[in-house]
Amino acid sequence: MTSDLPTSRAILPDTGPMRLLLVEDSKFDARLIETFLSMADFPRGLDVKHATRLSEARDVLEQQPIDCVLLDLGLPDGEGLGNIEAITQVAPDTAIIVLTGLKNDTIATTALQQGAQDYIVKGDYEDGDALLRTIRYAIERRAKEVKESQAVRRASEDLIRSIVAAVPDGLVTVRKGGVIETVNPAMVRMFGYSSTELVGMSISELSATSHHRVDALIDSMLNGLEAESERGDREGIGRRKDGTQFPIDVSIGHTVSDGEPMVVCAIRDITERKRAEESLEVAREQLLVSEKLASLGGLVAGVAHEINTPIGIGVTAASHLQEQTADLSERMASGQLKKSQLEAYIQVARDSAGILLGNLRRAAELIQGFKQVAVDQSSDERRSFEVKPYLEDVLLSLAPNLRKTPHSLDFSCEEGLIISGHPGNWSQIVTNLVMNALLHAFKDDTPGTMSLTVRRAGDRILMNFADDGRGIPPDHLKQIFDPFFTTRRGQGGSGLGLHIVYNLATQAMDGRVSCESELGKGTRFAFDFPYVPGAP
């Protein structure tokens, strides 16, 4: 197996002299070490270079390979263990032996922890061969460390490559100018280019949006000028090699590699997610239509029940008048009609006509009110309307549902409150609140009370709906506006009533809604809408 990792310069060469760099500002100590080394028996010879300053040592290391550095910790331009780091930055694979004037185990241990391979106390060596053995062992130790480090790095890189290749999202790194440097297989599959085509391409070419905006964003991130809001995820439109476009979600991050800024982008094809969102929106609209139809069905039942009363009374009055008229005709034909009987008939006719006219007017008013509520519930038309009489018509349509229960509803609304808006939204909200309370708030055999109040407060309209029923458990309270959440599934609860209330109040009417509840003491919904004056 071949490796693309560089071979360490610290490995002891089989031929040629051993390359040493002595970094020591003391002429005496330097001459002493050089003397001992010259006495050592090393067949290939030693190439010893001497530097008196840390900067000189770094220059030497940058210009030629060195097998081992003998490093003094006290130099004119460098002091202490920081000298080890300075040498390692220039020659990370070169062995380092620390020279110290004191035999201090703490300094020695710390030096080894900082990256040195060994340490020597100045003058504390028997001969040149002993000193040379220490140097050779340090070089071999460093070579072993580098080899192990390369193996770990190679395994880590293999693991990273495997992970990146398996990631379903496209991963791409970008350098200065928006030029793509690396890509993973998902990018190839997603955009239809080969990896060789992608590398070197400008990342803006993969976007169907403004290339200038993409380039400006990448440049700002590379230069560290991006705002906090520009980081993280964003949606866009990608462009494949064949020109087709598709929705994408892009996560952008900034990092530094090899000392240079780099942008990392994770790109996800969200075509399926968008389709699912569209399907969900269609389903939501269908459910809203179903709820409106169900509400209209209740309205029709209310119309039938409420109109039956005045019509029934009118039929009775007309029937009575018809009987009295027939009796009067018979008396006139037989010549037995008396003045008192005629006067009595006239009174009956007058009363019957009054009853008929009053109940027909009542029926006409009910029909008109129900008709308007029905139109509003099925229409999105904006118009001016007076809140109190309109909500009275809505509550009237709910009367048949209330009469089936022992519960009652109190209504209070500010007089003369005329607004411009979509009355159907008000109708839907009030209807859903009342029906939700009848279904969930009360025990069937215990009479309960609901209240609905509406008033203006400056540029806002405040509406409250409350009941004195059983209340909502705390763990359910935070879910009541979620779609399909219900505790009465299969018993008349769809889980959509309060969800529709929330959407209408916050989105369609640009308002706010909150709910408070206490077990055994009831529930209160508070609404806050903008006040838009209507024409009187």
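Residues numbered from 1 in each chain as written. Predicted model: local features only at pLDDT ≥ 70, side-chain atom pairs only at ≥ 80, totals over all residues. Heavy atoms only, no water.

## Points about the environment of G101
- Checked against the element boundaries, G101 lands in the loop between β6 (95-100) and α4 (105-113).
- On the basis of relative accessible area, G101 is assigned to the exposed category, the value being 56%.
- Once the C-alpha coordinates of G101 and D124 are considered, the two residues, 23 residues apart in sequence, prove to be 9.3 Å apart.
- Contacts of G101, omitting those with residues within four sequence positions, involve V121 and K122. (Helix = DSSP H or I, 4+ residues; strand = E, 2+ residues; numbered from the N terminus. Buried < 20%, exposed > 50% of the residue type's maximum accessible area, 1.4 Å probe, protein only. Contact = heavy atoms within 4.5 Å.)

## A closer look at the environment of G80
- In this fold, G80 is placed in the loop between β5 (78-79) and α3 (82-90).
- The partly exposed category is assigned to G80, whose relative accessible area is 22%.
- Separated by 31 residues in sequence, G80 and A111 place their C-alpha atoms 9.4 Å apart.

## Some points on the layout of surface pockets
- Of the pockets and cavities examined, the second largest pocket occupies roughly 460 Å³.
- Lining the second largest pocket are 22 residues; nearest its centre among them are S207, T209, V214, L217 and R234.
- Top contributing element to the lining of the second largest pocket by residue count: helix α8 (residues 211-222), with six residues. (1 Å grid on protein atoms, 1.4 Å probe; cavity = no way out; pocket = protein on both sides within 12 Å on 5 of 7 lines; lining within 4 Å. Points joined across faces, edges and corners; volume = space filled by probe spheres on them.)

## Topic: the packing of helix α2 (residues 54-63) against α3
- Put simply, α2 and α3 touch, their axes get as near as 9 Å, and they point 20 degrees apart. In terms of their interaxial angle, α2 and α3 are classed as roughly parallel. The interaxial crossing formed by α2 with α3 has right-handed handedness. Note on element contacts: α3 touches α2 through N83, A86, I87, Q89 and V90, opposite L54, A57, R58, L61 and E62.
- Split into classes, the residues belonging to the contact of α2 with α3 amount to six nonpolar, two polar and two charged. (Axes fitted to C-alpha atoms, helices over the stretch in contact; angles between N-to-C directions. Parallel < 35°, antiparallel > 145°, perpendicular 65-115°, else oblique. Left-handed = near helix turned anticlockwise from the far one by under 90°. Nonpolar A, V, L, I, M, F, W, Y, C, P; charged D, E, K, R; others polar.)

## As for the sheet that holds strand β19 (residues 522-530)
- Judged by pairing direction, the sheet is mixed, and its five strands sit side by side in the order β14-β16-β17-β19-β18 without closing on themselves. Each edge of the open sheet carries a strand with a single partner, namely β14 (408-413) and β18 (512-518). Averaged over all neighbouring strand pairs, the angle between strand axes comes to 10 degrees, with direction disregarded.
- When β18 meets β19, the two strands line up antiparallel, connected through seven bridges. Bridge assignment links R512 to a residue of β19, and that residue is D528. (Pairing = 2+ DSSP bridges.)

## Digging into α3
- N83, I84, A86, I87 and V90 are the residues of α3 that are buried. Projected onto a plane normal to the axis of α3, the buried residues spread over an arc of 160 degrees and lie on a single side.
- Lining the buried residues of α3 we find α2, β3 (68-72), β4 (74-75), β5, β6 and α4. (Arc of directions from axis to C-beta.)

## Quick word on the sheet that holds β3
- Read from one edge to the other, the open sheet built from five strands follows the order β2-β1-β3-β6-β7, with strand pairing classed as parallel. Only two strands of the sheet have a single partner each, and these edge strands are β2 (46-51) and β7 (118-121). In this sheet, neighbouring strand axes are inclined to one another by 20 degrees on average, regardless of whether the strands run parallel or antiparallel.
- In this fold α3 packs onto β3 and β6, with an angle of close to 150 degrees to the strand it touches most, β3.

## Thoughts on the packing of aromatic side chains
- A complete count under the given rule lists six aromatic pairs for this structure.
- Through a chain of ring-to-ring contacts, the aromatic side chains of W426, F527 and F529 assemble into a single cluster.
- The ring of F246 carries the charged tip of R240 above its face, separated from the ring centre by 4.0 Å. (Phe/Tyr/Trp six-rings, centres within 6.5 Å; stacked < 30°, edge-to-face > 60°. Lys NZ or Arg CZ within 6 Å of the ring centre and 35° of its normal.)

## So, the pattern of salt bridges
- The tally for this structure, following the rule as stated, stands at 21 salt bridges.
- The partner of K49 in a salt bridge is D47, and the shortest N-O contact between them spans 3.3 Å.
- Between E235 and K274 there is a salt bridge, with its nearest N and O atoms 2.9 Å apart. Of this pair, E235 sits in strand β10 (residues 232-239) while K274 sits in helix α9 (residues 271-334); the two residues are 39 residues apart in sequence, bridging distant segments of the chain.
- Given the relative accessible area of 47%, E235 is considered partly exposed.
- Via salt bridges that share partners, E24, D29, D72 and K122 belong to a single interconnected network. (Salt bridge = Lys/Arg side-chain N within 4 Å of Asp/Glu carboxyl O.)

## Examining the confidence of the model for the protein chain
- For the protein chain, per-residue confidence averages 81 on the pLDDT scale, and 81% of positions sit at 70 or higher.
- Of all helices and strands in the protein chain, the one with the weakest mean pLDDT is helix α10 (residues 339-377) (70), whereas strand β17 (residues 460-467) scores best (96). (pLDDT = per-residue confidence, 0-100.)

## Quick word on the pairing of β7
- When β6 meets β7, the two strands line up parallel, connected through four bridges. Each bridged residue has a counterpart across the sheet, and for L99 the counterpart in β7 is I120.
- Note on the crossover from β6 through α4 to β7: the handedness is right-handed. (Right-handed = clockwise from strand over helix to strand, strands pointing away.)

## Re the side chain of D169
- By secondary structure assignment, the location of D169 is in the loop between α5 (128-166) and β8 (170-175).
- At a separation of 2.8 Å, a polar atom in the side chain of D169 contacts the side chain of R268.
- Excluding residues within four positions of it along the chain, D169 makes contact with N184, A186, I267 and R268. (Polar contact = N/O pair within 3.5 Å; in protein donor to acceptor, adjacent residues only side chain to side chain.)

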